[in-house]
Amino acid sequence: MIFIPATDARIAVVGRSATHDDNSIHFAYPGVSLNLATTASELTLHIQSSSEDSFIDVDVSGQPSQIVRVPADQSGVVIRTGNTGEAQTIRVTHRGETWHGLLSVSGLTLKDGELLAAPSLPERKMLVLGDSVTCGEAIERQASCKKDSSWWNARLSYGMLIGEALNAQVNLVCYGGRGLVRSWNGRTDELNLPDYAELAIASAENPIRWDHNRYTPDLILSAIGTNDFSEGIPEAEHYIETYLTLIERLHSLHPNATIAVTEGAILNGEKKTALQGYLQQIAQRSDVPVQVIPATWYPGDDCDAHPTKAQHAAMANDLAPVLRELMSW
């Protein structure tokens, strides 16, 4: 049995994470993935969550994807490759959100094989900012409509699907219930987008800052606003000025990135019209070029107001051609 620490260069991490002194990595945003190649017939991923509500997808080349609950203890997750000595690629993807639990990975233990060089990743890079829709909330809902954290699947969210269509890495930086200036319940004292955009771990109790030098996006897509409008239309000037400040910050961090904004899929009626108007004013007043991309309304279903899995696919189909043309990809 061979132990490989999580910081080994042969484990490619996509998404925001934090490294601790013991060579463990920690993450909480949805869509964070570990990517590796191995000839081992079996490996144990030494992963645990701060709760019992965290799930991962395990994808082994040539096999159906498996959903696995992350243990809250140190028992880890066993991954069997069915390998006969040939190289297999493995991708482990965090399905849920920060508030479901904080995940830590100390490393891997290999059986009957070795860890190979990390799989190659797309050179293009996207950063997708948003709320619960961007996080993939309730995508895989069940007929019982009894909601639980297994319904989340960031891998099938519109942002990740756009990344697949455009052959780009994707970092999801999103938090359910949050907005640009206020949360769904009108609170302004929680972490909203300008706050958590700066974080690797968006925990109110123990936030960890993100080193923006670790990931340089070519394209930044911001889909925020639904929760700001939950309790009514927010005051225009404050909203617009806050968004302009965020755009200036993003541009200062990534001056070569193209920035696009959209109102998202849930808002409709006068609220949708109001946010679209705010975004147009932002684009007109910004010193930084901003592309406004209108969104189609996708109302979820009788079970949940969040877009369904099929609707996320439709959202990706709406946005990917526009972004491809914008980026000349």
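Provided above is the structure to which this section pertains.
Values in this document were obtained by computation on a predicted structure and should not be read as measured data.

Draft legend 1. Main features of the packing of helix H2 (residues 158–166) against helix H6 (residues 309–327). Running from N to C, H2 and H6 cross one another at 45 degrees; their axes reach a closest spacing of 8 Å. On the basis of the axis angle, H2 is oblique to H6. Handedness of the crossing formed by H2 with H6: right-handed. On H6, the residues touching Tyr158, Leu161, Ile162, Ala165 and Leu166 of H2 are His312, Ala313, Met315, Ala316, Leu319, Ala320, Leu323 and Arg324. Of the residues in the contact of H2 with H6, the class split is eleven nonpolar, one polar and one charged.

Draft legend 2. Summary view of the pairing of strand E17 (residues 258–262). Among the five residues that make up E17, four are buried, leaving the element largely enclosed by the rest of the structure. Bridge count for strand E16 (residues 219–223) against E17 is five bridges, and the pairing is parallel. Its bridge partner lying in E17, Ile220 is registered against Ile259. As defined by bridge partners, E17 adjoins strand E18 (residues 290–292) across three bridges and the pair is classed as parallel. Residue pairing in the sheet places Ala260 in a bridge with Gln291 of E18. Running through helix H5 (residues 269–285), the crossover from E17 to the neighbouring parallel element E18 is right-handed.

Draft legend 3. Structural detail: the nonpolar core. Grouped together as the largest cluster of nonpolar side chains are 60 residues, with contacts concentrated most on Leu45, Ile47, Ile56, Ile79, Tyr196, Tyr239 and Tyr243. For this core, the element with the highest residue contribution is helix H4 (residues 236–253), accounting for seven residues. Counting 27 residues, the second largest nonpolar core, distinct from the first, contains Met126, Cys135, Leu323 and Met327.

Draft legend 4. Quick look at the pattern of salt bridges. Applying the stated criterion to the full structure yields 18 salt bridges. Residues Asp8 and Arg10 are paired through a salt bridge, measuring 2.9 Å at the closest nitrogen-oxygen approach. Relative accessible area serves as the criterion here: at 18%, Asp8 is assigned to the buried category. Judged by relative accessible area, which is 30%, Arg10 ranks as partly exposed. Put simply, Arg249 and Glu198 hold a salt bridge, and the shortest N to O gap is 2.8 Å. In this pair, Arg249 sits in helix H4 while Glu198 sits in the loop between helix H3 (193–196) and strand E14 (199–201), placing the two residues 51 residues apart along the sequence. Taken together, the shared-partner salt bridges in this structure form one network comprising Asp57, Asp59, Arg91, Arg95, Glu140 and Arg155.

Reading the values: the criteria
- Residues numbered from 1 in each chain as written.
- Predicted model: local features only at pLDDT ≥ 70, side-chain atom pairs only at ≥ 80, totals over all residues.
- Heavy atoms only, no water.
- Axes fitted to C-alpha atoms, helices over the stretch in contact; angles between N-to-C directions.
- Helix = DSSP H or I, 4+ residues; strand = E, 2+ residues; numbered from the N terminus.
- Parallel < 35°, antiparallel > 145°, perpendicular 65-115°, else oblique.
- Left-handed = near helix turned anticlockwise from the far one by under 90°.
- Contact = heavy atoms within 4.5 Å.
- Nonpolar A, V, L, I, M, F, W, Y, C, P; charged D, E, K, R; others polar.
- Buried < 20%, exposed > 50% of the residue type's maximum accessible area, 1.4 Å probe, protein only.
- Pairing = 2+ DSSP bridges.
- Right-handed = clockwise from strand over helix to strand, strands pointing away.
- Core = buried A, V, L, I, M, F, W, Y, C linked by side-chain atoms within 4.5 Å.
- Salt bridge = Lys/Arg side-chain N within 4 Å of Asp/Glu carboxyl O.

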